[in-house]
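Structural overview for review
Listed below are the residues making up each chain.
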Amino acid sequence: MKQKIIVTGGCGYIGSHTVVELITHNFEVVILDDLSNSNIKTLDRIAKITGIRPIFEQLDLKNSEQTKAVFQKHKDTAAVVHFAAYKAVAESVQNPVMYYKNNFFSLLNTLEAQLEQGINNFIFSSSATVYGEPKKLPITEENQVQRPFSPYGNTKKIAEEILEDMVKAHQDFSTISLRYFNPIGAHLSGNLGELPNGIPNNLMPYITQTAAGIRKELQVFGNDYDTKDGTAIRDYIHVVDLADAHVKTVKRLLNKKQEKSLEIFNLGTGNGYTVLEVIQSFEKITKKPLNYKIVSRRAGDVPALYASTELAKEKLNWETQLNIDDMVASSWKWEENLKNEKN
Ligand code: NAD
Ligand code: UD1
């Protein structure tokens, strides 16, 4: 019999790619999502790729009673992968209450409801933002966690502290927190990808929307960093590689391979690229010049961030397979598909 996995936020960007990989690896998936930052059509997209439509429960995880009822209905679940959260950094600075409320109520209601049903495996979407401006590169999991610049980032730091308390209080509870670096790219079929609401904040969707003529020009935030071309360095990771890491993490939990009841892994490639290098890759792949201009630095940005991937390699038996050109090419394929769908 297939093992059942609850994926909160499974209609979102990373969640939907993870659902595809879980289904491909023969898991039965139940998506819980309120569609606040995603679209119901994602279920069709997943079905088109995998041939299987996941079970879908539309609910706001801020609602404790409804969350409990859904977990009661799916009490035969083996593990929960928790993606549901708000994630726009600038919006969280403007509206901290909205972010603390959604990200914590959703987390706490999920934890409470799963414990009530004796579901003891939990995977959490954390972020490299918990490292703040690191003193040492590449960043290992031992790097000190700092108070993040934004309320959004702070929800990730505090959530990990909540998980520390959870494993102390509940002997059977096992959890893995995954610190993502910069997920970009789309499913290689071009049938699934990121659907940013309004004007994108992140680099890759801004690039593809500029090339597609939706935005006039890309602003490159700062060329006076101490890097090879002056622009900031990030560890971009293909969302399909990231999704694959979640399958390996689920298996680690289900096969009881954990060495500690709370484990933390960086998910990145270990390679850093500057903003201009990403643009160069885009221009090379698409053979299109990109309209961009250099402007001043963006508040809160750090000069360079890239992961040490040793721990994930060793413990999850996971390595990334796709490079920056694959990330850029798939993002562009997705953007073009979206354009064709609209026409
Ligand atoms: P996303 O916004 O595409 O997906 C999140 C999903 O959660 C959406 O489908 C949304 O509708 C749903 N959701 C939000 N609040 C909900 C609620 N109260 N009840 C039910 N559903 C709710 O985001 P994503 O990029 O797929 O990110 C997934 C997770 O990974 C988030 O926790 C995010 O903070 C984390 N993360 C993302 C990145 C990134 O660059 N995308 C980086 C680091 C960490
Ligand atoms: C941001 C968030 C981080 C979050 C992640 C995923 C901040 C400070 N950090 O990471 O907490 O986990 O998104 O949501 O917001 N850039 C441009 N022009 C643009 C957009 C970006 O030059 O229009 C540059 C940025 O300065 C940065 C790089 O591109 O150097 C990547 O930016 P982005 O995609 O926003 O990711 P992060 O800032 O690394």
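Shown above is the structure to which this text applies.
Residues numbered from 1 in each chain as written. Chains lettered and ligands numbered in written order. Predicted model: local features only at pLDDT ≥ 70, side-chain atom pairs only at ≥ 80, totals over all residues. Heavy atoms only, no water.

Looking at the site of ligand 2
This is how the line gets drawn: Only heavy atoms are used to decide nearness, and a residue is near a molecule or strand if one of them lies within 4 Å of it. Polar contact criterion, stated in full: a pair of N or O atoms within 3.5 Å, where within protein one must be able to donate a hydrogen and the other to accept it, and residues adjacent in sequence count only if both atoms are side-chain atoms. Secondary structure follows DSSP: runs of H or I at least 4 residues long count as helices, runs of E at least 2 residues long count as strands, and numbering of each begins at the N terminus. Only Asp, Glu, Lys and Arg are considered charged, only Ala, Val, Leu, Ile, Met, Phe, Trp, Tyr, Cys and Pro nonpolar, and every remaining residue, Gly among them, polar.
Taken together, 19 residues surround ligand 2, and among them Leu-203, Gln-219, Arg-234, Arg-298 and Asp-301 come closest. A distance of 3.0 Å is found between an oxygen atom of ligand 2 and a side-chain nitrogen or oxygen belonging to Asn-202. Separating an oxygen atom of ligand 2 from a side-chain N or O atom of Asp-301 is a distance of 2.6 Å. Of all the elements, strand E8 (residues 218-221) adds the most residues to the shell around ligand 2, at four residues. When its residues are assigned to classes, the shell around ligand 2 shows nine nonpolar, seven polar and three charged.

Observations concerning the site of ligand 1
We apply this condition: We get accessible surface area from the Shrake-Rupley algorithm with a probe of 1.4 Å; when it comes to residues, only the shown protein chains can shield them.
With respect to spatial proximity, 29 residues lie near ligand 1, and among them Asp-33, Asn-37, Ser-38, Asn-102 and Tyr-152 are the closest. Residue Ser-38 places a side-chain N or O atom 2.7 Å away from an oxygen atom belonging to ligand 1. Between ligand 1 and Phe-83 there is a distance of 2.8 Å, counted from an oxygen atom to a backbone nitrogen or oxygen. Look at ligand 1: alone it shows 820 Å² of surface, and the protein chains cover 95% of it. Secondary structure elements with two or more residues in the shell around ligand 1: helix H1 (13-24), helix H5 (96-116), strand E5 (121-127) and helix H6 (151-169). A per-element tally of the shell around ligand 1 places E5 first, with three residues. When its residues are assigned to classes, the shell around ligand 1 shows 13 nonpolar, 10 polar and six charged.

Topic: H5
Two residues of an α-helix separated by three or four positions point the same way, owing to the 3.6 residues in each turn. To keep things clear, this is the line we draw: To estimate the expected span of a helix, count its residues, drop one, and scale the result by 1.5 Å. Any residue under 20% of the maximum accessible area for its type is buried, any over 50% is exposed, and the rest in between are partly exposed; the area is computed with a 1.4 Å probe on protein chains only.
For H5, spanning 21 residues, the distance from its first C-alpha to its last is 30 Å, which sits close to the expected 30 Å at 1.5 Å a residue. Buried within H5 are the following residues: Tyr-99, Asn-102, Asn-103, Phe-104, Ser-106, Leu-107, Asn-109, Thr-110, Leu-111, Ala-113 and Gln-114. Phi turns positive one or two residues past the end of H5, at Gly-118, with a value near 70 degrees.

Thoughts on the layout of surface pockets
Short version of the rule: A cavity here means a set of points on a 1 Å grid, drawn over the protein atoms and nothing else, where a 1.4 Å probe fits but cannot get out; a pocket is an open set with protein on both sides within 12 Å along at least five of seven lines, and a residue lines either one if it has an atom within 4 Å of a point. Grid points are joined across faces, edges and corners, and a volume is the space filled by probe spheres set on the points.
Within this model, the second largest pocket holds a volume of roughly 470 Å³. Together, 26 residues line the second largest pocket, and Glu-194, Leu-195, Pro-196, Trp-334 and Leu-338 are the ones closest to its centre. A total of six residues in the lining of the second largest pocket trace back to one element, the largest contributor, which is helix H11 (residues 324-342). Tallied by class, the residues present in the lining of the second largest pocket amount to 10 nonpolar, nine polar and seven charged.

Quick notes on the sheet that holds strand E2 (residues 28-33)
The pairing of strands in a sheet comes from backbone hydrogen bonds and takes either a parallel or an antiparallel form. The test is simple: Strand pairing requires that DSSP identify at least two bridges connecting the strands. Convention adopted: a line fitted to C-alpha atoms gives each axis, helices being fitted over their contacting stretch, and angles between N-to-C directions are expressed from 0 to 180 degrees. Residues are treated as being in contact if the distance between any of their heavy atoms lies within 4.5 Å.
Reading across from one edge, E3-E2-E1-E4-E5-E6-E11 is the order of the seven strands in this open sheet, with parallel pairing throughout. The outermost strands of the open sheet, each flanked by one partner alone, are strand E3 (55-58) and strand E11 (262-267). Each neighbouring strand pair of the sheet contributes to a mean axis angle of 20 degrees, computed without reference to strand direction. Pairing of strand E1 (residues 4-8) with strand E4 (residues 77-82), which is carried by five bridges, proceeds in the parallel orientation. Bridging across to E4, Lys-4 finds its partner in Thr-77. Sitting on the sheet, helix H8 (residues 239-254) is in contact with E1, E4, E5, strand E6 (174-180) and E11, with an inclination near 165 degrees to E6.

Some points on empty space enclosed by the protein
Over the atoms a probe the size of a water molecule is rolled, and this reveals where empty space is left. Tallied over the full model, the rule gives one cavity of 30 Å³ or more. Estimates place the volume of the largest cavity at around 60 Å³. In this structure, the largest cavity is lined by His-82, Ala-84, Ala-85, Asn-103, Phe-104, Leu-107, Phe-124, Thr-155, Lys-156 and Ala-159. For the lining of the largest cavity, the secondary structure elements donating two or more residues are H5 and H6. Taken together, the residues of the lining of the largest cavity sort by class into six nonpolar, three polar and one charged.

Quick look at the nonpolar core
Using the following cut-off: In plain words, nonpolar cores are sets of buried Ala, Val, Leu, Ile, Met, Phe, Trp, Tyr and Cys residues tied together by side-chain atoms within 4.5 Å.
Membership of the largest hydrophobic core comes to 39 residues, with the highest contact counts inside it found for Ile-5, Leu-22, Val-250 and Leu-267. Ranked by residues supplied to this core, first place goes to H8 with eight residues. When near neighbours in sequence (up to four residues on either side) are disregarded, Leu-22 contacts Ile-5, Val-7, Phe-27, Val-29, Val-247 and Val-250. If you look at the next biggest cluster of nonpolar residues, it comprises 23 residues, including Leu-61, Ala-113, Met-166 and Val-167.

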